[in-house]
Amino acid sequence: MSDNSAVALKISSGMLRSLDTEPFWAEFETRIPELFSTNGNCRVGILSSSNSAQQQARNTTVATQSGDNSAIELVSSLEELDAVLSRTSSPSSSRIFFLYRYNSWSRMDISLEMFETLYTTTHIAPQFLKVVMGLGRKISSRDESFMSCYTHLTPSRRSRQGDRAADRKPVLGQSAICYNIRYFERHGRSLDDPWSCRQSAIHQNYNMDKDRSDWVTIQAPLRFTSNFKGEHLNDSHHPMYLHTQYLATCVGDWREYLNYSSDTLKTLNEEIVVCKPYGEYGIGFSSRQQVHALRLKLHHARSILANTLNTIKTIRMHEETIAKLCNLPVPIQQEFQRELGNISTELQNHEQTVQELLSVSQDIGRMYDGVLKYHGQELLHRNSLRLTQIAQNDADENRTMAVLAEKTFHDSRTVRIATVIAMFYLPANLVISFFSTTLIWFDNSGQTFSLRIHQEVWIAVLTTLVLIVGTKMLSWWWERYDSYERKSQRTSQQPVK
């Protein structure tokens, strides 16, 4: 969202400025850009008990989130909303407004101006804005555990003004109750877990003097919206009758969700229930993570169930107050309390089931930890045996190398002795070899004995010097060539950058 749109939303919130004294107003004002639509794609569903038949005839192609429900009239602009509010403002008719969201992480499909109009027209309690703050756009998982129920009672103006007629007639007024509910619903996507945690909110303002209600729901359950009819707004049964229908729809999938969780635990338990060697279980740390993830979901489910039961308790107390003020017939009040009791009993049973699944998952987690622990110890034992064998082989090789080193030492000692002996015989052998050549001979032809040296002896000396120089140059060239080859190999093995 751009900065200009955020500023525009804050400037247009003048009708809600009467709440600036509330402690939560500052936080709500900062969240306005995340709550309401800014692209013009708005839709609000409206159904009134007085003219539901006319609405059904007028809207034959209207659709809700889950399917066609031609009884609900959809509006997409402030002008259309004003027109429908004027047409359905009968003093004796009740109305319900459906606010939608594209998904659980998106804004509400309603502009701030339209919400301000609903806030003023339906007399929404200020506490409902606390619930609304959790139904905006999100980019991360936050505020996932907030659930609360608020009640509000406004005495009639006569009692505030001290009218004497108020002493002769019952003092009524307006009452409001609002809360948010979290529940599990199938999302229909191709994921490993087919369930998603949804959130819905509802607000009722009941005018006890006129016996009429204005209801506002946000992201109501699909079955509640698609099957809703105008007859459900008939307050002749009980002014809070819709709460039982709304709650029953929200808790309708709990049994199936817990069965899915139980089947998942059963599958995880089957991997370790049969006795066999640790290495044959085929589980790893990822299996333990699955148990941990399932336990987190079960803890979240238990928290939702506990908060839902608290909400039902608050609804019961609010209903008792309304029944006393309006003098509701005892059978109607008992029927409403009986319906709430049935829902409460069912949720308590689900809560016990969740607690049992948590205990089972804890036992399975301990078994997984034990299998992984002992399997690790088994692997360590095998590795230690292999390391022992490797060490033994190294010792044998060291002994063999010691024997070879000893033999090499003896051979080198023998060679050293032979070299010392050769040092004594080699000079003598060189001298004898020189005198045995034809270059030197003894002349005894005369009376004297003389040693003669051939005049071409310089050729032998020169040849020897040439061979020494040639050998030295060949050795130098060989060393240079070998050094060049090694340098070329190192260059070719370096990686190319």
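For the structure, see preceding data.
A quick note: this is a predicted structure, and the numbers were derived from the prediction, not measured. Once a new chain begins, its residue numbering starts again from 1 and follows that chain's sequence as written. Only residues with pLDDT of at least 70 get local features here, since the model is predicted, and only at 80 or more are side-chain atom pairs given and counted; chain-wide, interface and lining totals rely on the full set of residues. As a rule here, side-chain values come from all non-hydrogen atoms in the structure, and water together with hydrogens is ignored.

## Here we look at the overall build of the chain
Our working definition: Numbered from the N terminus, helices here are DSSP runs of H or I no shorter than four residues, and strands are runs of E no shorter than two. Burial classes: relative accessible area under 20% of the type maximum marks a residue as buried, over 50% as exposed, and values in between as partly exposed (1.4 Å probe, protein chains only). Contact criterion: two residues are considered in contact whenever any of their non-hydrogen atoms come within 4.5 Å of each other. A 1.4 Å probe and the Shrake-Rupley method give the accessible areas. Residues count as covered only by the protein chains that appear here.
Counting its secondary structure elements, the chain contains 14 helices and nine strands. With 497 residues in all, the chain has 37% of them scored as buried. Expressed as a percentage of contacts within the chain between residues at least 6 apart in sequence, the contacts between residues at least 24 apart total 71%. Put simply, the chain shows about 29700 Å² of open surface, and 55% of that area lies on carbon and sulfur atoms.

## Considerations on unusual backbone geometry
In this model, D143 sits at a positive phi of 55°, which is unusual for a non-glycine residue. Relative to the helices and strands, D143 is located in the loop between α6 (128-132) and β4 (149-155). Phi is positive for D211, close to 55°, though the residue is something other than glycine. Within the secondary structure, D211 sits in the loop between β6 (195-207) and β7 (212-218).

## Thoughts on the nonpolar core
The nonpolar side chains of a soluble globular protein tend to be buried with one another. Quick note on the threshold: Remark: nonpolar core denotes a set of buried residues (Ala, Val, Leu, Ile, Met, Phe, Trp, Tyr, Cys) joined through side-chain atoms within 4.5 Å.
Among the nonpolar cores identified, the biggest contains 55 residues, and Y179 and W254 are the most heavily contacted of them. Of all elements in the fold, only β3 (95-99), β5 (173-186), β6, α10 (241-250), α11 (254-270), α12 (285-326) and α13 (330-435) reach the threshold of two or more residues within this core. With residues up to four places along the chain from it excluded, the contact list for W254 reads F184, A301, I304, L305, L347 and H350. If you look at the next biggest cluster of nonpolar residues, it comprises 34 residues, including V44, L81, L99 and Y150.

## Side note on a nonpolar patch on the surface
Filter applied, for reference: Patches draw on residues past 30% relative accessible area with no salt bridge. Two like charges within 9 Å are joined, as are two nonpolar side chains (Val, Leu, Ile, Met, Phe, Trp, Tyr) within 5 Å. For salt bridges, the criterion is a side-chain nitrogen of Lys or Arg within 4 Å of an Asp or Glu carboxyl oxygen.
On the surface, I417, V420, I421, M423, F424 and Y425 cluster together to form a nonpolar patch covering roughly 680 Å² of accessible area. Relative to the assigned elements, V420 resides in helix α13. Given the relative accessible area of 41%, V420 is considered partly exposed.

## Things to note about the packing of aromatic side chains
Under the convention used in this document: Ring pairs shown here join Phe, Tyr and Trp side chains whose ring centres sit within 6.5 Å, with only the six-membered ring taken for Trp; geometry is labelled stacked below 30 degrees between planes, edge-to-face above 60, and tilted in between.
For the structure on display, the rule yields nine aromatic pairs. Where F36 meets F115, the ring centres are 5.0 Å apart and the plane angle is 45°; that geometry is what we call tilted. Of this pair, F36 sits in the loop between α2 (25-35) and β1 (44-48) while F115 sits in helix α5 (residues 112-121); the two residues are 79 residues apart in sequence, bridging distant segments of the chain. You can call F36 buried: its relative accessible area is 0%. The exposure class assigned to F115 is buried, which follows from its relative accessible area of 1%. Taking the centre distance of 3.9 Å and the plane angle of 5° together, the rings of F184 and Y257 count as stacked. Remark: Y257 occurs in helix α11 and F184 occurs in strand β5; sequence separation between them is 73 residues. For the residue pair F184 and Y257, the accessibility class agrees, reading buried in each case.

## Concerning the side chain of S361
Heads up, the rule is: For the purposes of these results, a polar contact is taken to be a pair of N or O atoms within 3.5 Å, where, inside protein, one atom must be able to donate a hydrogen and its partner to accept one; residues adjacent in sequence count only when each atom of the pair is a side-chain atom.
Along the chain, the position of S361 falls in helix α13. Here R295 takes part through its side chain, which lies 2.9 Å from a polar atom of the side chain of S361. When neighbours within four sequence positions are excluded, S361 is seen to be in contact with L265, V291, R295 and L298.

## Overview of the pairing of β7
For the record, the criterion: Note on pairing: DSSP must find at least two bridges between two strands before they are called paired.
Most of β7 sits out of view: seven of its seven residues are buried. Judged by which residues are buried, β7 turns out to be covered on both faces: R212, D214, V216 and I218 on one side and S213, W215 and T217 on the other are all buried. In the sheet, β3 pairs with β7 via five bridges, with the strands oriented parallel. For I96, the partnering residue across the bridge sits in β7 and is W215.

## Notes on α11
Every α-helical turn comprises 3.6 residues, leaving residues that sit three or four positions apart pointing alike. How we decide: Any helix carries an expected span of 1.5 Å times its number of residues minus one. This arc is taken over the directions from the axis of the helix to the C-beta atoms.
Under the 1.5 Å per step criterion, the end-to-end length of α11 is 24 Å for 17 residues, consistent within 8% with the ideal 24 Å. Listing the buried residues of α11 in full gives W254, Y257, L258, S261, L265 and L268. Along the axis of α11, the buried residues cluster in a sector spanning 95°; they form a single face. Seen from the open side of α11, the exposed residues pointing more than 90 degrees away from its buried face are R255 and E270. Taken together, the buried residues of α11 touch β5, β6, α10, α12 and α13.

## Details of the sheet that holds β6
What counts, and what does not: Axis angles are defined between N-to-C directions and span 0 to 180 degrees, where every axis is a line fitted to C-alpha atoms and, for a helix, only to the segment in contact.
With respect to topology, seven strands assemble into an open sheet ordered β2-β1-β3-β7-β6-β5-β4, the strand pairing being mixed. The strands lining the two open edges of the sheet, one partner per strand, are β2 (73-75) and β4. This sheet shows a mean twist of 20° between the axes of neighbouring strands, independent of strand direction. Helix-sheet contacts for α12 involve β4, β5 and β6, and the interaxial angle to β5 is about 155°.

## Some details on the side chain of T249
Here T249 is to be found in helix α10. Since its relative accessible area comes to 17%, T249 is described here as buried. In this structure the side chain of T249 is engaged in a polar contact, spanning 2.8 Å, whose partner is the backbone oxygen of Q245.

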